[in-house]
Amino acid sequence: MDLLYSSTRNSEKKFTASQAILKGLADDGGLFVPESIPALDVSIEELSKMSYQETAYAVMKKFLTDFTEEELKNCIDRAYDSKFDTPQIAPLVNADGAYYLELFHGSTIAFKDMALSILPHLLTTAAKKNNVKNDIVILTATSGDTGKAAMAGFADVEGTQIIVFYPKNGVSPIQEKQMLTQKGANTHVVGIHGNFDQAQSAVKKMFNDKDLEKVMDDAGYQFSSANSINIGRLVPQIVYYVYAYAKLYANGDIAKDEKINVVVPTGNFGNILAAFYAKNMGLPIAKLICASNENKVLYDFFTTGEYNKNREFILTNSPSMDILISSNLERLIYRIAGNDAAKNAGLMKELSETGKYTVTPEMKEKLTDFYGNYTSEKETGEAIKKLYEDTGYVIDTHTAVAAGVYDKYKKETGDTKTKTVIASTASPFKFTRSVMEAIDSKYASMGDFELVDELSKIANVKVPQAIEDIRSAKILHDTECDVDKMEDTVKAFLIK
Ligand SMILES: *Cc1c(COP(=O)(O)O)cnc(C)c1O
């Protein structure tokens, strides 16, 4: 029997995993959730002997039940290959009593690679299974990071095209160079004369345009999205929690069935939700520690039961967590509402109309798996400096939010004994300036690439290929356009 999926806002209609991956978002605006969370059916002894790829198969086959063994293994092997700079894919590093799970060894040196390197293969396999004859065209508006990671994942994947729009004057020079040097005959990058919101709105409009859909279909194309709410991004993220647990066991760091804590630097709530799913599959996890930066909507939610996005948006040094609407939280809300789609839909309606909602006391009681806290910008910097000075290990600003929150957790709860895994979501080289200035203010006067070499020296870590690439790579894309010409630009790329 296949595990079926339904929307968090309507449980009536059921979809197979491959259909849910193809659709991305449900038509009613809800997120796809499995009817139930499957249990892991391999023992910890077996898992402890498995490679990352084998673990991925053991976990993902439980969720993506309409994929054949051959199909799924094929996707896994193509995703987790030499694009990663270590055969371990997601290594664990022990520093200052915690285990840092390094999720940044893929092509763009941040954790989005863990899912975006497999999504293109899941998507093209899903298309074949559902007799989709058209090529899939991924349309994305990006404020910087996701566009690059998505392109890296889709580059030269047969049967796909990817078109990324970014605000010409709204991304950092490094982010722009990363995108403009992207290889792959099927990748297209466009700098638009406008801001991110305008890019995003125009992309949404293209998705919903029936005339454009017909034009594309006649030319052999259909649009799809690589958005972070796609179940094809969530499921691959469960894998590394299982893998980390099994490695701790294999190394003798934990006993059989010993519970661990997991700390996750959180923005859109996708990564920590994957840890929650891992726990519900049977992985012995005690607390799920949700770490926020100064945009602490989630901390307030876990403390008060009220989710309220009506507040100032703060730009921090951990920009990938600067979010006021954590989309994936909806999957947790649905669950603590007792899988009640109508109840969840009501709360989401309140959120879109008033910017806030409050869960009932009964729902709040079901949040005891979670602990939430946040760090100020100052505390984030101090966490980087302290860990470096105590151990020599250098972490990025996002991971530092998690390290700072873990410290607060220990002080507040007295729980210093439970072994703890901290999700390390970006290489320090991705945020070199913030990291180096946190370690010593003397670095403020140095140039960007000088700082990269200095970081390499003090951390005793080789400069990652992704950074070397930016230094030397050729610019391969030069398209720019006005916001009202985005559709014409798409047609010009695809229809010869
Ligand atoms: C996206 C991202 C996060 C936040 O992850 P979510 O799944 O959105 O909660 C944290 N750190 C880095 C470096 C990221 O790129």
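Everything numeric in this text was worked out from a predicted model, so none of it was measured.

Asks: I would appreciate a short explanation of the overall build of the protein chain in the present structure.
Replies: Scanning the protein chain from N- to C-terminus turns up 22 helices and 16 strands. A globule of 496 residues ought to have a C-alpha radius of gyration of about 23 Å, and the protein chain, at 22 Å, matches this closely. Once the C-alpha set of the protein chain is aligned to its principal axes, its extents read approximately 60 × 55 × 50 Å. For the protein chain, the residues scored as buried account for 55% of the 496 residues in total. Taking all contacts inside the protein chain whose residues are at least 6 apart in sequence as the whole, residues at least 24 apart take part in 74%. Split by element, the accessible area of the protein chain, about 20700 Å² in all, is 48% carbon and sulfur.

Asks: Honestly, the pairing of strand β2 (residues 10-15) in this entry has me stumped. Any pointers?
Replies: Both strand β1 (residues 5-7) and β2 contribute to a ladder of two bridges, which runs antiparallel. Bridge pairing in β2 links Tyr5 to Phe15. Between the antiparallel neighbours β1 and β2 lie two residues.

Asks: I keep staring at the environment of Ala155 and nothing clicks. Help me out?
Replies: Looking at the secondary structure, you find Ala155 in the loop between α7 (145-154) and β7 (160-167). In sequence terms Ala155 and Ser117 are 38 residues apart; their C-alpha atoms lie 9.9 Å from each other.

Asks: Explanation requested: the sheet that holds strand β16 (residues 479-482) in the structure shown.
Replies: Adjacent strands of a sheet form backbone hydrogen bonds with each other and so pair up, either parallel or antiparallel. Pairing within the open sheet is parallel, and its five strands lie in the order β9-β6-β7-β8-β16. Of all the strands in the sheet, just β9 (221-224) and β16 have a single pairing partner and so form its edges. Ignoring strand direction, the axes of neighbouring strands in this sheet form an average angle of 30°. Looking at chain direction, strand β6 (residues 135-141) and β9 are connected through four bridges and run parallel. By the bridge assignment for β9, Ile138 is matched with Ser224. The strands touched by helix α9 (residues 196-207) are β6, β7, β8 (187-193) and β9; relative to β6, the strand with the most contacts, the crossing angle is about 150°. On the sheet, helix α22 (residues 486-494) packs against β6, β7, β8, β9 and β16 and is oriented at approximately 150° with respect to β7.

Conventions adopted
- For every chain, the first residue of its written sequence is number 1, and the numbers climb from 1 along that sequence.
- This being a predicted model, a pLDDT of at least 70 is required before a residue's local features are given, and a value of 80 or more before pairs of side-chain atoms are given or counted; all residues contribute to the totals for chains, interfaces and linings.
- To get the side-chain values, take all heavy atoms of the structure and skip hydrogens and water.
- Secondary structure elements follow DSSP: runs of H or I no shorter than four residues count as helices, runs of E no shorter than two count as strands, and numbering proceeds from the N terminus.
- With C-alpha atoms as the basis for the radius of gyration, the globule rule is written as 2.2 Å multiplied by the number of residues raised to the power 0.38.
- Residue burial is assigned from relative accessible area. The probe radius is 1.4 Å, only protein chains are included, and a residue is buried under 20% of its type maximum, exposed over 50%, and partly exposed in between.
- Residue contacts follow a heavy-atom distance rule, with two residues in contact if any of their heavy atoms lie within 4.5 Å.
- With residues, only the protein chains shown are counted as cover, and all accessible areas are computed by Shrake-Rupley using a 1.4 Å probe.
- Strand pairing is assigned whenever DSSP identifies at least 2 bridges connecting the two strands.
- Convention adopted: a line fitted to C-alpha atoms gives each axis, helices being fitted over their contacting stretch, and angles between N-to-C directions are expressed from 0 to 180 degrees.

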